[in-house]
Amino acid sequence: MRIRTESERRAVLTIKSEIVRSAGEYLRSKGFVEILPVLLSPVTDPLHHETYDGAVDFYGVPYQLMKSMIFHKQIALRTLPKIFCFAPNVRMEPAERASAGRYLAEFVQLDLEVRDASRDDIMAVGEGLVVAILSAVRESCAEELTVLEREIAVPSVPFERVSYADAAARFGEPFDDALSTTLVGPAWVVDFPRRIREFYDREDPERPEVLLDMDLMYPEGYGEALSGGEREYELARIHDRLDRDSIPKAKFERYLEEVERGVPRSAGFGIGIERLTRYIAGLDRIEEARLFPKTPGDTNAI
Ligand code: AMP
Ligand code: MG
């Protein structure tokens with residue numbers, strides 16, 4: 001659906017507000033503590049794809065606008081065992097991405113992390129969270145869904161799982177659109193190959209080159225919902241990953257110092273709030289899922 005009227009826009013934003021409320025309520029009921037976001041840091045998520053760096057001159061030192069809370073989450077777990085955060089991310093994606101309708105240059109991620117958790121543990125959290133949010137929106141936003149002519153089904157758990165290798169054999173690479181279009185409910189993709197992911201996703205000690213990570217895909221062609229997995233937390237293994245991926249270490253010096261001091265074993269994920277809103281509201285484009293959207297490459301925003 002394309003948003004044309006203020007009442008449609010109001011319905012979308014009301015649904016988004018209920019998404020945020022119900023997600024927080026669900027996570028708190030499971031023992032998570034909300035932390036508030038970091039905006040600037042000397043170190044942030046390298047990401048696997050190209051984005052322009054949003055550097056800020058911080059007393060003469062280049063600090064970056066946050067692309068995700070990944071490293072700060074690991075450090076925060078020293079203090080709190082289960083955390084979540086609604087974190088603004090600035091990712092200046094290449095302008096060609098605008099046409100896909102699912103990228104913003106500024107968006108919000110619900111980022112969470114759990115000390116000593118396995119991938120299976122965190123996938124169960126993801127399933128519970130998505131079901132809780134969809135149920136809450138269906139119950140509290142019936143009027144808004146009617147305005148948007150949208151019906152949403154609450155999926156049953158566990159969600160379907162497919163390995164990266166099986167999906168690639170079936171659809172070729174990349175397969176996001178082809179897979180998402182064929183799904184009838186949300187489904188997991190697990191076991192990504194090392195070569196296409198970030199160095200902090202944990203490599204399976206029993207299956208080198210295969211990561212203990214996952215994405216959740218929405219049905220109906222809405223594409224990727226979240227990414228996450230178990231994390232590397234041992235200094236020697238992180239150095240090994242940086243070496244094998246030929247990643248210059250200077251950029252990650254402050255992070256490596258913190259890992260040397262010790263970060264706990266963990267697993268977690270980040271789910272994009274605008275993408276979730278787009279899916280639930282059935283919107284054509286992600287820009288319609290927030291106020292003041294910044295489309296990649298468009299410098300006319302406010
Ligand atoms: P990532 O760890 O990079 O996969 O980011 C986590 C989640 O944030 C993704 O699964 C998306 O839901 C969301 N996300 C990532 N990049 C963007 C973007 N440029 N615009 C909107 N949402 C995004
Ligand atoms: Mg991802």
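Quick caveat: nothing in here was measured; it's all calculated off a predicted structure. (Residues numbered from 1 in each chain as written. Chains lettered and ligands numbered in written order. Predicted model: local features only at pLDDT ≥ 70, side-chain atom pairs only at ≥ 80, totals over all residues. Heavy atoms only, no water.)

**Student:** Hey, could you run me through the site of ligand 1 in this one?
**Tutor:** Around ligand 1 sit 15 residues, and of these Arg 91, Glu 93, Glu 224, Ala 225 and Ser 227 come closest. In the model, an oxygen atom of ligand 1 is placed 2.8 Å from a nitrogen or oxygen of the Arg 91 side chain. The contact in question runs from a nitrogen atom of ligand 1 to an N or O atom on the side chain of Glu 93, over 2.8 Å. For ligand 1, whose free accessible area comes to 480 Å², the fraction covered by protein is 92%. Residue assignment for the shell around ligand 1 shows that the elements contributing at least two residues are strand E6 (106-115), strand E10 (223-230) and strand E11 (266-272). The leading source of residues in the shell around ligand 1 is E10, at four residues. Along the lines of polarity and charge, the residues of the shell around ligand 1 split into six nonpolar, four polar and five charged. (Near = heavy atom within 4 Å. Polar contact = N/O pair within 3.5 Å; in protein donor to acceptor, adjacent residues only side chain to side chain. Areas by Shrake-Rupley, 256 points an atom, 1.4 Å probe, with all protein chains shown as cover. Helix = DSSP H or I, 4+ residues; strand = E, 2+ residues; numbered from the N terminus. Nonpolar A, V, L, I, M, F, W, Y, C, P; charged D, E, K, R; others polar.)

**Student:** I tried to follow the environment of Phe 71 on my own but got confused; where do I start?
**Tutor:** Residue placement: Phe 71 occurs in helix H2 (residues 70-76). The sequence separation of Phe 71 and Thr 51 amounts to 20 residues, and the corresponding C-alpha distance is 18 Å. Those residues in contact with Phe 71 that sit more than four places away from it in its chain are Val 43, Thr 44, Asp 45, Pro 46, Phe 199, Tyr 200, Phe 252 and Tyr 255. (Contact = heavy atoms within 4.5 Å.)

**Student:** Before we go on, may I ask you to explain the sheet that holds strand E2 (residues 40-41) in this structure?
**Tutor:** Two orientations exist for strands paired in a sheet by backbone hydrogen bonds: parallel and antiparallel. Taken together, the three strands give an open sheet; going across it, the order is E2-E4-E3, and neighbouring strands pair in antiparallel fashion. For this open sheet the edge positions go to E2 and strand E3 (55-58), each flanked by a neighbour on one side alone. (Pairing = 2+ DSSP bridges.)

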